[in-house]
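# Structural description and commentary
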Amino acid sequence: MAKERSFTEKEGYFGDFGGRYSPEILTEALIELENTYNKLRKDKKFQKDLEFYRRNYIGRPSPLTYAEKLTKAWGGAKIWLKREDLNHTGAHKINNTIGQALIAKAMGKRRIIAETGAGQHGVATATVGALFEFETAIFMGEEDLRRQKLNAIRMQMLGAKVIGVSSGTATLKDATSEAMRDWALNVSNTHYIVGSVIGPHPFPTIVRDFQKVVGDESKKQFKKENDKLPDAVVACVGGGSNAMGMYYAFLNDKKVKLYGVEAGGRGSSPGEHSATMLFGKTGFLHGTKTLVIQDDGGQVVPAHSVSAGLDYPGVGPEHAYLHSSGRVKYETVSDQGALDAFMEVCRIEGIIPALETAHAFRFAKDLAKELGKKKDILICLSGRGDKDVAEVARLVGLSQGDLI
Amino acid sequence: MSAIKSVFSDSKSAFIPYISLGDPNYELCVDWADALIRGGADILELGIPFSDPVADGPVIQKAFKRALANPFSMDTILETTEKIHSLHPHIPLVYLTYFNPIFHYGFERFAEKAKIAGIQGMIIPDLPYDTPETDELFKSLKRRGVDLIHLVTPATPLNRMKGIRDFASGFIYYVTSYGVTGERKSISADLEDRIKTTKEVFSLPVSAGFGISAPDQAKEISGYADGIIIGSAVQRIIEENGSNPSLCRKKLEEYAQSISGSLRGKNL
């Protein structure tokens, strides 16, 4: 019979999801990270430093924009945008990497590594690598390197070593596995900056805490502008960090409807989508218990999305919990729907959104009609789409001639 | 005493090779197992292929990829295990598996069927002792006399070892170096001391794995370890020769003989 346990069973769990299911070689590093973070989060100097970099380096608070033209075009609820695309490096990812870089510094680590899909997390990690003088390595699937060449070049310019991953499906899932392997080898001098609310405890909590600034600011800004809260909040979900950051401030505001939009890809067959909430089953992937797209034998099925950032067969454990509790409703938008919305937002509102965010826009378009003119929808515009222009041009058939 | 524990003795060190089931298919891997046992394996580790093996290096990753090119089902894994067991019923078989496939299959069902198939121990690299699932699985395995073999690493402090102790049986799998599975040229200088400490904490045999490939390394480490686990070097023989089954069998048997013969108390 097992003796009394030395841990609190619920620590690091969100309902039945979460926990720490990583190889033993990493456990001490995870415990060190948890202990360091628990101290730092209460430390005034750390919070002051974080605030300094948010204001003076990232450019926070990011604006809240009333999208007047989209509202008019869609003919329904008012559309509001939280402009994470205006952050330094062009996405919400920098909120997390600045925070984790400060933790890595406090732990005396000299090297940082990261996985990246669309490359925004890779760029944000390479940026803090340069800023804080870390040796930096970024793991990126070969397929994503092709799709997101611009970001791979940015990372190298910022001094990071970009390591192409050809195993498996050569996308985010495999880049994550490879980063975990590197961490296992170099754990004494390296901090692994996990880029989403995924991975073993304490990563989902740490990443959410650094991203919750998005929701906190949005709530304040929206209230100031409208003297009320939005009726609905919409965000795209791959691993789910921008969505988690946005939702967190609103979880107790039961009148605010929360929506997550996953990649419906090109169909409902396995391998055609990244719709974890719709097709996933409880399982264990990359150190956490969460919903995972898997086959009848418990093998993880490769995901697909037109957007490299959503191309992940799992989801953050806190999302799995919010799904099971019904607090957040998760929907899907197809590749084509996202491409249509991408072009529409470009041309109507003068904003090039990330392809990830385009999924949220497409869903919000229908929701706006459904809710009607008296309601307000807040969309997390998680990043800008510069990285996607070449791939979108290829997919929608924009030739050089069209561009001129 | 469990069947696994009875393999170990003070006078000799055990040879524990590893193969990935299903590589290159479910028929031939039975032949590989047979060859390794004939060559001197004392315990055989059977890897259950998984799509995302984060604790494994490139050689085993590739083996899993080849294995998963065949249709995967846990029932096929169990049937293959039974075939190996019926060829050599006196050799303990141990599964090395990631947690998701067995969670998906169901603990009780898996434990029951694995026991019937001839499995006497389980190693699960992504299931640390301090999770609710370990509690449940441990009880399920213990009821059937199947050992839950834990990994201890250079990064595992004494307090964690003491925690692991409550759930460990059979033997301890001591991970000789940082990183993932794979062959390495040098062995850490303090390995002997760490294995000695591990033996003291657990009062269980301690087998060393990760990075061992050559007979001289195996010989040296067997001077103080109760067993030597070799995965990637065995799997590499299969990778290079699997398309020529008779040659592959021969090479595996010769390799097993060379390692087994080099171990403490087993010099030919």
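You'll find chain B entered in an unreviewed UniProt entry as Tryptophan synthase alpha chain, with Leptospira saintgironsiae given as the organism. Under Catalytic activity (unreviewed entry), UniProt gives the following word-for-word description of chain B: "(1S,2R)-1-C-(indol-3-yl)glycerol 3-phosphate + L-serine = D-glyceraldehyde 3-phosphate + L-tryptophan + H2O". We quote the UniProt Function (unreviewed entry) comment for chain B here in full: "The alpha subunit is responsible for the aldol cleavage of indoleglycerol phosphate to indole and glyceraldehyde 3-phosphate."

You'll find chain A entered in an unreviewed UniProt entry as Tryptophan synthase beta chain, with Leptospira saintgironsiae given as the organism. The UniProt entry for chain A carries the following comment under Cofactor (unreviewed entry): "pyridoxal 5'-phosphate".

Secondary structure assignment for chain B yields 11 helices and 9 strands. Against the globule reference of 18 Å for 268 residues, chain B gives a C-alpha radius of gyration of 17 Å, in line with a compact fold. Each principal axis of the C-alpha distribution contributes one length, and for chain B these read about 45 × 45 × 30 Å. Counting every position in chain B, which comprises 268 residues, the buried fraction comes to 65%. Put simply, of all contacts in chain B between residues at least 6 apart along the chain, 75% involve residues at least 24 apart. For chain B, the accessible surface area stands at approximately 9500 Å², while carbon and sulfur atoms represent 51% of it.

It is worth spelling out the interface of chain B and chain A at this point. Counting from both sides, the interface comprises 43 residues of chain B and, opposite them, 41 residues of chain A. Both sides together, the interface formed by chain B and chain A hides about 3500 Å², and carbon and sulfur atoms give 54% of it. Per-residue buried area on chain B facing chain A is highest for B:Asp52, B:Val54 and B:His104; these three make up 17% of the total on that side. With a closest N to O distance of 2.9 Å, A:Lys289 and B:Glu133 form a salt bridge. The interface formed by chain B and chain A includes 18 residue pairs in polar contact (both at pLDDT 80 or more). Within the residue set of the side of chain B that touches chain A, elements represented by two or more residues are α2 (58–68), α4 (99–105), α6 (132–142) and α7 (158–165) of chain B.

One frequently used descriptor of interface size is the decrease in accessible area upon assembly of the parts. All names here are of chain A. By domain assignment, chain A separates into domain 1 (19–55 + 93–203) and domain 2 (60–90 + 212–402). The straight-line distance from the C-alpha centre of domain 1 to that of domain 2 is 23 Å. If you look at the interface, domain 1 gives 35 residues, while domain 2 gives 38 residues. Of the roughly 2800 Å² buried where domain 1 meets domain 2, counting both sides, 56% is carbon and sulfur surface. For the domain 1 face of the interface with domain 2, the top three residues by lost area are Arg147, Lys173 and Val197, together amounting to 22%. One can count 2 salt bridges joining domain 1 with domain 2. Of the charged contacts, one joins Arg146 and Glu391 as a salt bridge, the two residues approaching to 3.7 Å between their closest N and O atoms. On the surface where domain 1 and domain 2 come into contact, there are 14 residue pairs in polar contact (both at pLDDT 80 or more). For the side of domain 1 that touches domain 2, the secondary structure elements donating two or more residues are α2 (44–58), α4 (93–106), α5 (120–131), α6 (142–147), α7 (149–157) and α8 (172–186).

Calculation rules
- Residues numbered from 1 in each chain as written.
- Chains lettered and ligands numbered in written order.
- Predicted model: local features only at pLDDT ≥ 70, side-chain atom pairs only at ≥ 80, totals over all residues.
- Heavy atoms only, no water.
- UniProt positions renumbered as here; feature names shortened; annotations may be inferred.
- Helix = DSSP H or I, 4+ residues; strand = E, 2+ residues; numbered from the N terminus.
- Rg over C-alpha atoms; globule rule 2.2 N^0.38 Å.
- Buried < 20%, exposed > 50% of the residue type's maximum accessible area, 1.4 Å probe, protein only.
- Contact = heavy atoms within 4.5 Å.
- Areas by Shrake-Rupley, 256 points an atom, 1.4 Å probe, with all protein chains shown as cover.
- Buried area = accessible area lost by both parts, 1.4 Å probe.
- Salt bridge = Lys/Arg side-chain N within 4 Å of Asp/Glu carboxyl O.
- Polar contact = N/O pair within 3.5 Å; in protein donor to acceptor, adjacent residues only side chain to side chain.
- Domains from an automatic or database assignment.

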